[in-house]
Every structure is written in C-alpha cells, then in structure tokens.
Amino acid sequence: MKKYSIEKPETEWKEQLSEEQFRVLRKKGTEAPHTGKYNMHFEDGEYFCAGCGEKLFDSEAKFDSGCGWPSFDKALDGKIEYVQDKSFGMIRTEILCANCGGHFGHVFDDGPTETGQRYCVNSASINFNK
C-alpha cells in the first residue's frame, strides 16, 4: 500500500471530517448526482482536498458536463494519484489525493475540451477558495 505524506488513523479522520466527507474521502463513497454544492458552482478560484487542504484544480478547468458531479478537464500536476478500479463490473480510473489518499471520484476519457478528460469529482471531497 502506498505511503502518503499525510496519514492518520481512521478515528482522527472521523473527528476532522463531516460524516459525508468521511464516507466519500475515506470509504470511497459517492454522493447522489446533482446534489453536491460544487456541481453547478463556477466562481473563479481554486479547489482543494477536503481532507488535507492540498490544491487540486483551478476554476478554469471546471466545466458543466451534465453528469451531476463537479467536472474538471485537468488537475494540477502531481496532485492526483490514478488507480485502476474494477468495482461494479467495470474498469475505471479512480482519482485519489496524492498527498493523503482521499477518494475524489473517477476520471474518464470523454471530456469535451482539448484535454479529452473529465475528472468527475464528489463535492464532499473538495473545498473551494476564491
């Protein structure tokens, strides 16, 4: 198992995170589509890991994919770990925080921009600063 810069016992994560953040970030949960606070959020600023505060995405990378989750066409270099996910009878690429191992969602090769990427991210896993 990979060693992360920030590692904490489950009890500390439970104290630090909301119940929903813990379920998504630490237990690889998914929020219901069209329910996350950042799904249709398009202010200028930066998005950070809700677990450790690592900067992940700039607002310029965000777009409305219509999928029901916040979508980005690129992440900041070195901030995301990519892991093959074979759950639910399909093969996907899971995206994790390279700093703390928190689960964000998945990345797909069906994005409409020049990158061709769609980082499909749970709102519960990120924070935003203007």
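Relevant structure appears above.
Chemist: Would you explain the pairing of strand 1 (residues 46-49) in this entry?
Modeler: Each regular strand carries side chains that alternate between the two faces of the sheet. Pairing analysis gives three bridges linking strand 1 to strand 2 (residues 55-58), with the strands arranged antiparallel. Note that in strand 2 the partner of F48 across the bridge is K55. What sits between the antiparallel neighbours strand 1 and strand 2 is a turn of five residues, in which G53 has the positive phi angle 85°. Of the pairings in the sheet, the one linking strand 1 to strand 9 (residues 126-129) comprises four bridges and is antiparallel in character. Across the sheet, E46 pairs through a bridge with N129, a residue of strand 9.

Chemist: Would you take a moment to explain the sheet that holds strand 6 (residues 92-97) for this structure?
Modeler: The strands making up a sheet associate through backbone hydrogen bonding, with each pair oriented either parallel or antiparallel. Pairing is antiparallel across the open sheet formed by six strands, whose spatial order is 3-4-8-7-6-5. In this open sheet, the two strands that pair with only one neighbour each are strand 3 (62-63) and strand 5 (80-85). Relative to strand 4 (residues 71-72), strand 3 is paired through two bridges, and the arrangement is antiparallel. Across the sheet, residue K62 finds its bridge partner in strand 4, namely F72.

Cut-offs and rules
Residues numbered from 1 in each chain as written. Predicted model: local features only at pLDDT ≥ 70, side-chain atom pairs only at ≥ 80, totals over all residues. Heavy atoms only, no water. Pairing = 2+ DSSP bridges. Helix = DSSP H or I, 4+ residues; strand = E, 2+ residues; numbered from the N terminus.

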